[in-house]
Amino acid sequence: MKILKFGGTSVGSVESIQAVLKIVKASFDAGENPLVVLSAMSGVTNLLTKMAEEAAEGKPFDEGLKQLEERHFEVVKKLIAVKYQNPVLTRLKLLFNELEELLLGVSALKELSNQSRDLIVSYGERCSNFLVSKVMEQEVAESEYINASYYVKTDSNFGNAHLNEPLTNQLIQALYQTHADKLLFVTGFIGSNEQGRVTTLGRGGSDYTAAIFGSVLNASAIEIWTDVNGMLTADPRIVKKAFSLPVLSYTEAMELSYFGAKVIYPPTMVPAFLKKIPIVIRNTFEPHLAGTVIQFESGKSTYPIKGISSIADVSVINLTGSGMVGKSGFSGRLFTLLAREQINVILITQSSSEHSITFAVNPSDAEKAVSLIQNEFELELLANKLSTPVIEENLSILAIVGENMKRTPGMSGKLFHALGRNGINVRAIAQGSSEFNISVIINKDDLAKALNAVHDAFFAELKRTLHVFNLGTGNIGATLFRQLHEQHDFLLDHNDVEIKVVGVSNSRRMLFNVDGVNLENWQQELDENGEVADLGTFVSKMQAMNLPNCVFIDNTASKLPATYYEEIFKSNISIVTCNKIANSGDYQQYRLLHDTARKHGVDFFYETNVGAGLPIVRVLKDLMLSGDRILKIEAILSGTISYIFNNFHGDASFYDVVKKAQELGYTEPDPRDDLGGIDFMRKMLILARDAGNVIESSDVELGNILPENCLKANSVDEFYTELLKSEDYFNALKLKAANEGKVIRYIGNLTNGKVSIDLQMVDSSHPFYALSGSDNIISFTTERYKERPLVVKGPGAGAEVTSGGVFADLVNVAAK
Ligand SMILES: NC(=O)C1=CN([C@@H]2O[C@H](COP(=O)(O)OP(=O)(O)OC[C@H]3O[C@@H](n4cnc5c(N)ncnc54)[C@H](O)[C@@H]3O)[C@@H](O)[C@H]2O)C=CC1
Ligand SMILES: N[C@@H](CC=O)C(=O)O
Ligand code: NA
């Protein structure tokens, strides 16, 4: 036989009762011999309690009674054939009349005892079980309503009665002997004392009833039908990726429930636990799902932990002092004191020097705990052997739970890595000796972020979500959004990464959406729903959202974002940028930013600062990390200038070629940065610094391409005008190169920590002779690559390749 228990939401409405009936009927027809335990209709227990309390205050309760009647009668009218309705309505009406009499009594006496309250509340289960059994009787004639208060015997602790096990066993067995072939609908939650007065079983009471019947009747399983898909890996309201666990051990379920997963109340499981009866949590509204089996064995699992649970609000009390050292009785005295006063201690840690004890309690117990301690340890406090206990508030507990943890090394490392990388400060740690649970105390404000970060870390086979805040929606930004949109499914399928753009700003407007901005329609969303852009506000909002796995992308050419980088790193947010400003400003700033990122365990990726998407920064970094030493770098790193000299042939005018380079998206937003050599200079500076040199832009020897008048132009328009005027100058250069059988190249050089960039004419014997389009080329001569240099070559400008490089940097952040 099997127990099927349905909670209040499962019997809350006509539709849900129909779902219940289907499940019960299927089980009955399959010969599973079910015994059904039902709670009161959802909200009814609360309503009854409220009516009872109000009656005791002399307030009217007719409204409540009417509501009760209506809810139950509606089910009769909709689910019972007209010809069978009358007797059911009459019996229900009798029950409501009894209830009214009771409430009148309470009202007359102006007194509500626990005993009266239990009796009044019991009408909830009595009505729902009677009603549903009658609905079922139409299809299964063997249906019968059972008032469990005749069989579940308890002491007289009304409101939270304790079971009289031997007597209950006898009575249930006797009941079952005469009713084995029936389909019983048994009231959850209620029992009665020796005198037959109705009692209730306290929190989780209907589950307890199910466990008691299951245990006495040796059920093959106890199914708890509710409105969720089982026990989840974490609270789904906070962790969107939480998923239902197929199997849990009793111990794991206890640990998870203790810390938050409110699907079942652990003490109710004890009877099942003792008899090793599996408990199955299932969803009434999705009966095709298998739910979660809670059984004796933890079961094999892909993941090293089962779940992450939490308590959102705790206070922590710290006790320090020499009075504790070596005093074995100290903690005994402390915790006996707290237990005696019914203060629930949620977590304890003690330093190995025994110099301090930290424990967590419910915030409402903290003051009381401290005053108890002050009384109990008055002498120690006076003698300064103990310092005054300190309460810390607004803290949360996060715990990872799983029996397999003890067999898997590195669990705490993984936990602390995930917390550390997201800048979550751990205030205290506790690991039970059982190793089923590692708990940490953190700031309450960090809880949601911590739960998500830890969930991502432990359930790594699941997709990871990267939360992106993107600045700049121009040439590069817009192309990146298109690429992210196009690659969304590929990334999920092949890399298990989901990139969500949760914040966007350009210089006009900014927009935030924690669920991710729609990348197909971002422009319209930004225009219509965006607020006026302000970088300071953008950064504060990003910090306030406090999301895990966060990346800030700077796709602007502005100087302003770099002034926020340090603060962003300090908030444990990684930065990906194609903007070269930060790395090519003062050396001091370069150093500070790199050090800050490292110190906070976040990434600073800027592959596109040099050669757009070409792997240059990465290659240099790998050479340096593996102990190689750079002897010389020679490079062409301006895609724009490369394009210009690769196309400035024959009749072509210099002006037209520059315009074309801009149209093709090769130039900086201001093309003077390219042609003036500043952009190239920035790239060489960044490479020189990454190669270990302390160098400023003023140390770079920068040769000119442009004549004086162009260099002095005060605006982009003026610059183009001056270019037109200087055609002769450029044509002379072109002619000279052609006459000598050479090509014009703007070449950078780094040797012995010195950087120079100049215009050269090279013949076909030069390795940089054969280039086309916007090609960049870089040649690293190093200790290892001494005879023949390591060369990287390819298109070094353009929106596609640059955004692709930013994209690759992002995926590399996700891979950590
Ligand atoms: N075009 C290329 O081939 C390559 C470009 N880059 C870099 O890409 C960056 C962007 O270039 P483009 O997209 O061509 O520029 P763009 O001018 O097309 O776009 C710049 C964007 O930044 C926004 N912006 C500027 N200041 C801002 C601020 N303070 N707050 C918010 N948004 C701001 C603008 O509104 C605009 O949306 C530059 O730093 C450039 O050096 C890097 C490698 C290659
Ligand atoms: N404007 C730059 C683009 C890459 O940084 C160039 O022309 O190289
Ligand atoms: Na690059």
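Here, the structure is the one placed above.
Residues numbered from 1 in each chain as written. Chains lettered and ligands numbered in written order. Predicted model: local features only at pLDDT ≥ 70, side-chain atom pairs only at ≥ 80, totals over all residues. Heavy atoms only, no water.

K.L.:
Teacher, can you tell me more about the environment of Leu 466 here?
P.N.:
Along the chain, the position of Leu 466 falls in strand β17 (residues 464-471). Put simply, Leu 466 and Pro 548 are 82 residues apart on the chain and 7.7 Å apart in space, counted from C-alpha to C-alpha. (Helix = DSSP H or I, 4+ residues; strand = E, 2+ residues; numbered from the N terminus.)

K.L.:
Is there a simple way to explain the nonpolar core in this structure?
P.N.:
As a rule of thumb, nonpolar side chains are buried together in soluble globular proteins. Membership of the largest hydrophobic core comes to 81 residues, with the highest contact counts inside it found for Phe 469, Phe 552, Ile 616, Phe 654, Leu 723 and Phe 780. Counting residues per element, this core draws most heavily on helix α25 (residues 678-690), which supplies seven residues. No fewer than three residues from each of domain 3 (465-612 + 805-814) and domain 4 (622-795) sit in this core. Ignoring any residue separated from it by four or fewer positions in sequence, one finds Phe 469 in contact with Val 502, Gly 503, Phe 512, Phe 538, Met 542, Met 545, Leu 547, Cys 550, Val 551, Phe 552 and Ile 553. Listed in part, the 54 residues of the second largest apolar core include Met 51, Ala 52, Ala 55 and Val 135. (Core = buried A, V, L, I, M, F, W, Y, C linked by side-chain atoms within 4.5 Å. Buried < 20%, exposed > 50% of the residue type's maximum accessible area, 1.4 Å probe, protein only. Domains from an automatic or database assignment. Contact = heavy atoms within 4.5 Å.)

K.L.:
Sorry if this is basic, but what is going on with the packing of helix α2 (residues 44-56) against helix α3 (residues 62-79) here?
P.N.:
Two quantities define a packed helix pair, namely the angle between the helix axes and the distance between the axes. Orientation of α2 relative to α3, taken along the N-to-C sense of each, is 155 degrees, at an axis distance of 10 Å. If you check the angle between α2 and α3, you find them roughly antiparallel. Crossing of α2 over α3 shows left-handed handedness. Residue-level contacts link Val 44, Leu 47, Leu 48 and Met 51 of α2 to Gly 64, Leu 65, Gln 67, Leu 68, Arg 71 and His 72 of α3. Here the contact of α2 with α3 is composed, by residue class, of six nonpolar, three polar and one charged. (Axes fitted to C-alpha atoms, helices over the stretch in contact; angles between N-to-C directions. Parallel < 35°, antiparallel > 145°, perpendicular 65-115°, else oblique. Left-handed = near helix turned anticlockwise from the far one by under 90°. Nonpolar A, V, L, I, M, F, W, Y, C, P; charged D, E, K, R; others polar.)

K.L.:
Would you explain helix α22 (residues 639-647) in this entry?
P.N.:
Spacing of three or four residues puts side chains on the same side of an α-helix, whose turn is 3.6 residues. Within α22, eight of the nine residues are buried, which leaves the element mostly enclosed by the surrounding structure. Among all positions of α22, only Gly 639, Thr 640, Ile 641, Ser 642, Tyr 643, Ile 644, Phe 645 and Asn 646 are buried. If you follow the buried residues of α22, they end up packed against β24 (630-636), α23 (654-663), α24 (672-675), β26 (743-751), β27 (754-762) and β28 (775-782).

K.L.:
Help me understand the coordination of the sodium ion (ligand 3), please; the structure alone is not making it clear to me.
P.N.:
A metal bound by six donors in octahedral fashion has ideal angles of 90 or 180 degrees, whereas one bound by four tetrahedral donors has an ideal angle of 109.5 degrees. Coordination of the sodium ion (ligand 3) by the protein is provided by Glu 607 (O), Glu 607 (OE), Val 610 (O), Ala 612 (O) and Leu 614 (O), with metal-donor distances spanning 2.3 to 2.5 Å. Motif for the sodium ion (ligand 3), donor spacing along one chain: E-x2-V-x1-A-x1-L. The buried category is assigned to Leu 614, whose relative accessible area is 11%. (Donors = N, O, S within 2.8 Å, 3.2 Å for Na, K, Ca; no water.)

K.L.:
Would you take a moment to explain the site of ligand 1 for this structure?
P.N.:
Every one of the 24 residues lining ligand 1 counts as a neighbour, but Ile 476, Ser 507, Thr 556, Glu 668 and Gly 798 are closest to it. The backbone of Gly 474 places a nitrogen or oxygen atom 3.2 Å from an oxygen atom of ligand 1. Considering ligand 1 on its own, with 850 Å² of exposed area, one finds that the protein chains cover 85% of that surface. Given that more than half its atoms are within 2 Å of the pocket grid, ligand 1 belongs to the second largest pocket. Grouping the amino acids of the shell around ligand 1 by side-chain chemistry returns six nonpolar, 16 polar and two charged. (Near = heavy atom within 4 Å. Polar contact = N/O pair within 3.5 Å; in protein donor to acceptor, adjacent residues only side chain to side chain. Areas by Shrake-Rupley, 256 points an atom, 1.4 Å probe, with all protein chains shown as cover. 1 Å grid on protein atoms, 1.4 Å probe; cavity = no way out; pocket = protein on both sides within 12 Å on 5 of 7 lines; lining within 4 Å. Sits in = over half its atoms within 2 Å of the grid points.)

K.L.:
Help me understand the site of ligand 2, please; the structure alone is not making it clear to me.
P.N.:
Not every one of the 13 residues close to ligand 2 is listed here, only the nearest: Gly 639, Thr 640, Tyr 666, Glu 668 and Asp 674. Backbone polar atom of Tyr 666 to a nitrogen atom of ligand 2: 2.7 Å apart, as the coordinates give it. The fraction of the free accessible surface of ligand 2 (260 Å²) that becomes covered by protein chains is 94%. Because more than half of its atoms lie within 2 Å of the grid, ligand 2 is assigned to the second largest pocket.

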